[in-house]
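Residue strings, one per chain:
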Amino acid sequence: TTYVSQLSEELRRAFSINVTILAKDGGPQGATILGGGPGKFILRTLRELERLAPDAVHAHGHWYSLAAALLYRRRHTKTKVVFTQHTEFEDLSRIRRWLLRLLLSQPEFFAAVSEDLLGRTLRSVRPHVRTRVVYPGVSVRPAAPGEIETLRETADLLGQGPFIAFVGPLSYERKSQGVAELVRSMKRVRQRFPGAVLLVAGDGRHRKPLEDLADREIPRGSVFLGTVENPAAVFAVADVVAHISLQEGLPLAVLEAMAWGRPIVATPAGGIPE
C-alpha cells in the first residue's frame, strides 16, 4: 500500500501523470476499493478500466491484478502493462507455476523490488519477459505534534524501556514466524532489561496468535498497536528496530528505520542484505 501510494504521488508530482488506484481492499487514501474475491475483483477492475481508458496499467503484487490488466489489453492493444512483484509467490504447485509463467510472460515488463526476489521468481517460474529491479524509496513524514506522547500513553509506556519495535504486516506466515522468534527472544532481553517493551505495529490474520504467544512468553512486555498509518511515532520512540522475518521482498520498514537513523537488527532474508 505504501509503495503504490508513494509511487502514484511521485508520478503525479514529477510527470503530471493522471494516476488512479484500484484496490481489492486496504488501499491507500483516495483509492477505489473494489472488494470481492479474485474473480469478482477482476470483473470489477475490467469495468473500471473500460471507464478510465488508461494508456498503461501497472499491476502490483497479486496474479489477479495482472490478469485483469492483461484481459483489458486484449481489447485495447495499445495499452501497456507492467507488473511489480513485492513478495515471494507461495505454495507453487506445478500447475500454479505453469499458470504464473503464462501470466508473467505477457506484460511489457516484469519488475521486482529486489534482486533476490527477481532471481527466485525467474528460477522458479521461468517467464519469458523483460525484467527490471525497481528498489523502493521512502518518504518519511514527521510525527504530528503530540503523536509520540499519545503513543506512549496509549501503549502505557511511561517509565519503561528500552523499546524494541517491529513494523510490518502480520498476514504472511513466514514473516509472522520471524515475529514469533522476536517475541521469544524478548524473554532473554527482559532478563537483562526488565522494563524492555516490544512494540509491534501491523495487523493481519497472524496477529491474535502472536499476541497470545506474547502474553505467555513476556507478560506485560509487548504492545500490539495494529495498523499504524504513519509509523513515525513508532520509530521516534524505538531504541532499536528489530525486523525479524523469514520472508521478504525488500521491506519499506527497514528503509524507513534507516531514514530515521535507528539501529536495526534484521534477518538476512530476501532483499534485506541488498
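Model, not experiment: these values are computed from the prediction.

A.B. asks: Which residues make up the nonpolar core, and what are the values?
C.D. replies: Counting 29 residues, the largest nonpolar core has Leu66, Phe83, Phe89 and Leu104 as its most contacted members. For this core, the elements supplying multiple residues, two or more each, are α2 (38-52), β3 (56-60), α3 (63-75), β4 (80-85), α4 (94-104), β5 (109-112) and α5 (115-125). Among the elements that line this core, the one with the most residues is α3, at 7 residues.

A.B. asks: Help me get a handle on unusual backbone geometry, residues and values and all.
C.D. replies: Cis peptide bonds are those with omega within 30 degrees of zero, and the linkage from Gly161 to Pro162 qualifies with 0 degrees. With a phi angle near 50 degrees, Ala53 is a residue other than glycine that sits in the positive phi range. Classification of Ala53 as partly exposed rests on a relative accessible area of 48%. The backbone phi angle of Arg126 is positive, close to 60 degrees, even though this residue is not glycine. Looking at the element boundaries, Arg126 is found in the loop between α5 and β6 (131-133).

A.B. asks: Could you give an account of the sheet that holds strand β11 (residues 264-266), naming the residues involved and the relevant values?
C.D. replies: Taken together, the 5 strands give an open sheet; going across it, the order is β9-β8-β7-β10-β11, and neighbouring strands pair in parallel fashion. The sheet terminates laterally at β9 (222-226) and β11, the two strands that pair on one side only. Here the strands of the sheet are splayed against their neighbours by 20 degrees on average, with no regard to which way each runs.

A.B. asks: Account for the sheet that holds β3, with residues named and values stated.
C.D. replies: Pairing within the open sheet is parallel, and its 4 strands lie in the order β3-β4-β5-β6. At either margin of the open sheet sits one strand with a lone partner, and together these are β3 and β6. Neighbour-to-neighbour, the strand axes of the sheet open up by a mean angle of 20 degrees, direction not taken into account. Here β4 pairs with β5 via 4 bridges, running parallel.

A.B. asks: Pulling in residues and values, what's your account of the pattern of salt bridges?
C.D. replies: For the structure shown, the criterion picks out 13 salt bridges. Glu10 serves as the salt-bridge partner of Arg13, at 2.5 Å between the closest nitrogen and oxygen. Taken together, the residues Arg13 and Glu10, both in helix α1 (residues 2-15) and 3 residues apart, mark about one turn of the helix. Notably, a salt bridge pairs Lys24 with Asp25, separated by 3.4 Å at the nearest N-O pair. By sharing partners, the salt bridges in this structure join Glu88, Asp116 and Arg120 into a single network.

A.B. asks: Residues and numbers for the packing of aromatic side chains, please.
C.D. replies: Per the stated rule, a full pass over the model turns up 3 aromatic pairs. Here the aromatic rings of Trp63 and Tyr64 are separated by 5.7 Å at their centres, their planes lie at 80 degrees, and the arrangement is edge-to-face. Note on Tyr64: relative accessible area 12%, which makes it buried. For the pair Phe83 and Phe110, a centre-to-centre distance of 6.1 Å together with 15 degrees between the ring planes defines the contact as stacked. Taken together, the residues Phe83 in strand β4 and Phe110 in strand β5 connect sequence positions 27 residues apart. Judged on exposure class, the residue Phe83 and its partner Phe110 are both buried. Joined through ring pairs, the aromatic side chains of Phe41, Trp63 and Tyr64 make up one cluster. Stacked on the ring of Phe109, the Lys or Arg Arg130 has its end atom at 4.5 Å from the ring centre.

A.B. asks: Give a detailed account of the layout of surface pockets, specifying residues and quantitative values.
C.D. replies: As a volume, the second largest pocket reaches approximately 220 Å³. Surrounding the second largest pocket, 14 residues form its lining, Ile164, Ser185, Met186, Val189 and Val240 being those nearest its centre. Elements with a contribution of two residues or more to the lining of the second largest pocket: α7 (173-192) and β10 (240-243). Per-element accounting of the lining of the second largest pocket gives the leading share, 6 residues, to α7. Residues belonging to the lining of the second largest pocket are distributed by class as follows: 10 nonpolar, 1 polar and 3 charged.

Calculation criteria
Residues numbered from 1 in each chain as written. Predicted model: local features only at pLDDT ≥ 70, side-chain atom pairs only at ≥ 80, totals over all residues. Heavy atoms only, no water. Core = buried A, V, L, I, M, F, W, Y, C linked by side-chain atoms within 4.5 Å. Buried < 20%, exposed > 50% of the residue type's maximum accessible area, 1.4 Å probe, protein only. Helix = DSSP H or I, 4+ residues; strand = E, 2+ residues; numbered from the N terminus. Pairing = 2+ DSSP bridges. Axes fitted to C-alpha atoms, helices over the stretch in contact; angles between N-to-C directions. Salt bridge = Lys/Arg side-chain N within 4 Å of Asp/Glu carboxyl O. Phe/Tyr/Trp six-rings, centres within 6.5 Å; stacked < 30°, edge-to-face > 60°. Lys NZ or Arg CZ within 6 Å of the ring centre and 35° of its normal. 1 Å grid on protein atoms, 1.4 Å probe; cavity = no way out; pocket = protein on both sides within 12 Å on 5 of 7 lines; lining within 4 Å. Points joined across faces, edges and corners; volume = space filled by probe spheres on them. Nonpolar A, V, L, I, M, F, W, Y, C, P; charged D, E, K, R; others polar.

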